[in-house]
Amino acid sequence: MSKRLKSCKLLCHYTHLTPFEREKILFFLAEGKSITEIAHLLKRSKSTISRELLRNAAPADQPMSYCPLTAQALYKRRRKACRPHKRLEYAPLHFYIQICILAYHWSPEEIVGRIQLEHGCQLVSVPTIYRAIHAGLLNPSGASAKFMLRKLRHHGKRRHKKGSEERRGKFVISHPIEDRPASATNRSVRGHWEADTVVGKQGKACLVTLVDRKSRYLLGGKAASKTAAAVNKVMCEALSGQPHLSVTPDRGKEFSKHAQLSKELKRVTFYFPAPHHPWERGTNENTNGLLREFFPKGKDITDTPEDYIQRKYHELNLRPRKCLGYKTPYEVYFSKVLHLA
C-alpha cells in the first residue's frame, strides 16, 4: 500500500453512529446528562451528538423525544437517499433515448452530443447509455434481452476487410481527384458532392446518393436500374436548383456517362479517385452505411415508394453528426437552427 493511500486512511477516521451508541445516548439523556457529557462518555464530538438529536429526535411535545430505533431508521433512509441516482431513472430522459435509438437510429454518442449542444450540460454519458443497452434497461416491455442491442448500427455486422478486391468497370475519366479544388478538399463551401449508388437486390432498382462534403447533406432518390442513363436522370433532378461545383463519384460503370451529365448540369466537373480507394470518398461511404439500416443488402426496393425513400433521406439530414459539432446536416446546409432535444 502506498504512503499516500495510508495517509488518506488515517485522515478518514470519521465513522457513523452505531445502534449501540444511539441506545447509549437515550440512556444518558434519561440520566439527565448534557450534550457535552454524552460526547465525552462516547468519545464523540459535541457537534455529532447535537446534530444527532436535532435530526433524529421526535417533536418536543411527545413523551419520548428520542428513540434509537427511529433514529436508526431515519439514518438509513437518508443514507440511501444521499447516493447518486441513476440518470436513466428519470422517465423523460429514458423515453427520449429510447425514441432516438428506435425511431431515429441515433447512436449513443450522437444523443449525448446533441443534448450537450442544445442544453449546455451533459445529462447522461455515452458509457451509461451503452451499459443500459447491454443490461436491457432500455428495452421496451416484452422485448427480448438483446432487442435494443440489435438496433445499434454495427452490431452483428461484419465489416469488409481493408484491401478487399472490388470489381469495377473501366472507362475514361475526366479529372483525377488530385485536381479537385481546395474548397472541396477543406470542405469550406457548399456544392462539392460525393456520389454513389446503394444496391438492394442485384439487377433491380438502386438508390442514388449525393452527399455535400461540407454539410453532409444528402440528396438523391431511386433509380429504376443501376445503369448510367437511370443514374444520370436521378442525379440531374436532385442537383437541379442546388449549388453544384463538383461531383466525386466512384469508378462504377453507372457513372460512365458523366460527360453527358456534366453538360446537362452546366459543365459541372467530375473528379474520380483511384481504383479501390473508397476512403477518398469517406463522407459518401459513411452515409451509405447509415442508409443500410433502412435498406439492407439483398432487399428489393423496386416497389418501395419514393416518398418513403425521401423521408429516410430527410431523417438522416436531421441526425446530429459529431464531425459537425452535433449539428445536423440540414442546419449546416441551410444555416438554420433546429430544436431536437
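Residues numbered from 1 in each chain as written. Predicted model: local features only at pLDDT ≥ 70, side-chain atom pairs only at ≥ 80, totals over all residues. Heavy atoms only, no water.

## Comments concerning the sheet that holds strand E4 (residues 218-223)
Two modes of strand pairing occur in sheets, parallel and antiparallel, and in both the strands are linked by backbone hydrogen bonds.
Thinking step 1. Read across the sheet, six strands follow the order E1-E6-E5-E2-E3-E4 without closing on themselves; strand pairing throughout is mixed. Two strands lie at the open edges of the sheet, namely strand E1 (175-176) and E4, each paired on one side alone.
Thinking step 2. Sheet analysis places strand E5 (residues 246-249) next to strand E6 (residues 269-272), joined by two bridges and oriented parallel. Bridging from a neighbouring strand, valine 247 pairs with phenylalanine 270 of E6. (Pairing = 2+ DSSP bridges. Helix = DSSP H or I, 4+ residues; strand = E, 2+ residues; numbered from the N terminus.)

## Considerations on the packing of aromatic side chains
Thinking step 1. For the structure shown, the criterion picks out nine aromatic pairs.
Thinking step 2. On the numbers, 5.4 Å between centres and 90° between planes, the contact of tyrosine 217 with phenylalanine 334 is edge-to-face. One end of the pair, tyrosine 217, is in the loop between strand E3 (206-212) and E4; the other, phenylalanine 334, is in helix H14 (residues 329-334), with 117 residues separating them in the sequence.
Thinking step 3. With centroids separated by 4.9 Å and ring planes inclined at 85°, the aromatic side chains of tyrosine 333 and phenylalanine 334 adopt a geometry described as edge-to-face.
Thinking step 4. Judged by its relative accessible area of 2%, tyrosine 333 falls in the buried class. (Phe/Tyr/Trp six-rings, centres within 6.5 Å; stacked < 30°, edge-to-face > 60°. Buried < 20%, exposed > 50% of the residue type's maximum accessible area, 1.4 Å probe, protein only.)

## Focus: the pairing of strand E2 (residues 192-199)
Thinking step 1. Extensive coverage of E2 is indicated by the burial of eight of its eight residues.
Thinking step 2. On E2, burial covers both faces: His192, Glu194, Asp196 and Val198 on one face and Trp193, Ala195, Thr197 and Val199 on the other are all buried.
Thinking step 3. Pairing geometry for E2 and E5, over four bridges, is parallel. Across the sheet, residue tryptophan 193 finds its bridge partner in E5, namely valine 247.
Thinking step 4. One ladder, built from seven bridges, connects E2 with E3; its direction is antiparallel. By the bridge assignment for E3, glutamate 194 is matched with valine 211.

## Looking at the pattern of salt bridges
Thinking step 1. As enumerated under the stated definition, the model contains 13 salt bridges in all.
Thinking step 2. For arginine 114, the salt bridge identified is with glutamate 118, shortest N-O distance 2.9 Å. Separated by four residues within a single helix, arginine 114 and glutamate 118 lie in helix H7 (residues 108-119), roughly one turn from each other.
Thinking step 3. Owing to a relative accessible area of 1%, arginine 114 belongs among the buried residues under this scheme.
Thinking step 4. Ionic contacts of the salt-bridge type, sharing partners, join the residues Glu110, Glu293 and Arg319 into one network. (Salt bridge = Lys/Arg side-chain N within 4 Å of Asp/Glu carboxyl O.)

## A few points about helix H13 (residues 306-317)
Thinking step 1. Across its 12 residues, H13 extends 17 Å between first and last C-alpha, which sits within 8% of the 16 Å expected from 1.5 Å per residue.
Thinking step 2. Among the residues of H13, those classed as buried are Ile309, Lys312, Tyr313, Glu315, Leu316 and Asn317. (Expected span 1.5 Å × (residues − 1).)

## Concerning a nonpolar patch on the surface
Thinking step 1. A surface patch of nonpolar side chains, about 290 Å² in accessible area, is lined by Phe95, Ile99 and Tyr104.
Thinking step 2. Note on placement: phenylalanine 95 falls in helix H6 (residues 91-102).
Thinking step 3. Residue phenylalanine 95 is classed as exposed on the basis of its relative accessible area of 52%. (Patch = residues over 30% accessible without salt bridge, like charges linked within 9 Å, V, L, I, M, F, W, Y side chains within 5 Å. Areas by Shrake-Rupley, 256 points an atom, 1.4 Å probe, with all protein chains shown as cover.)

## A few points about the pairing of E4
Thinking step 1. Counting buried residues in E4 gives five out of six residues, a clear majority hidden from the surface.
Thinking step 2. The pairing of E3 with E4 spans six bridges and is antiparallel. In the sheet register, threonine 209 faces E4, and the bridge partner there is glycine 220.
Thinking step 3. Where E3 folds back on E4, the antiparallel hairpin that results is connected by five residues, among which arginine 216 adopts a positive phi of roughly 65°.

## What about the layout of surface pockets?
Thinking step 1. What the second largest pocket holds in volume is close to 330 Å³.
Thinking step 2. The greatest single-element share of the lining of the second largest pocket, amounting to three residues, is contributed by helix H12 (residues 282-291).
Thinking step 3. For the lining of the second largest pocket, the per-class residue count stands at two nonpolar, four polar and seven charged. (1 Å grid on protein atoms, 1.4 Å probe; cavity = no way out; pocket = protein on both sides within 12 Å on 5 of 7 lines; lining within 4 Å. Points joined across faces, edges and corners; volume = space filled by probe spheres on them. Nonpolar A, V, L, I, M, F, W, Y, C, P; charged D, E, K, R; others polar.)

Read these as geometric descriptors, not functional statements.
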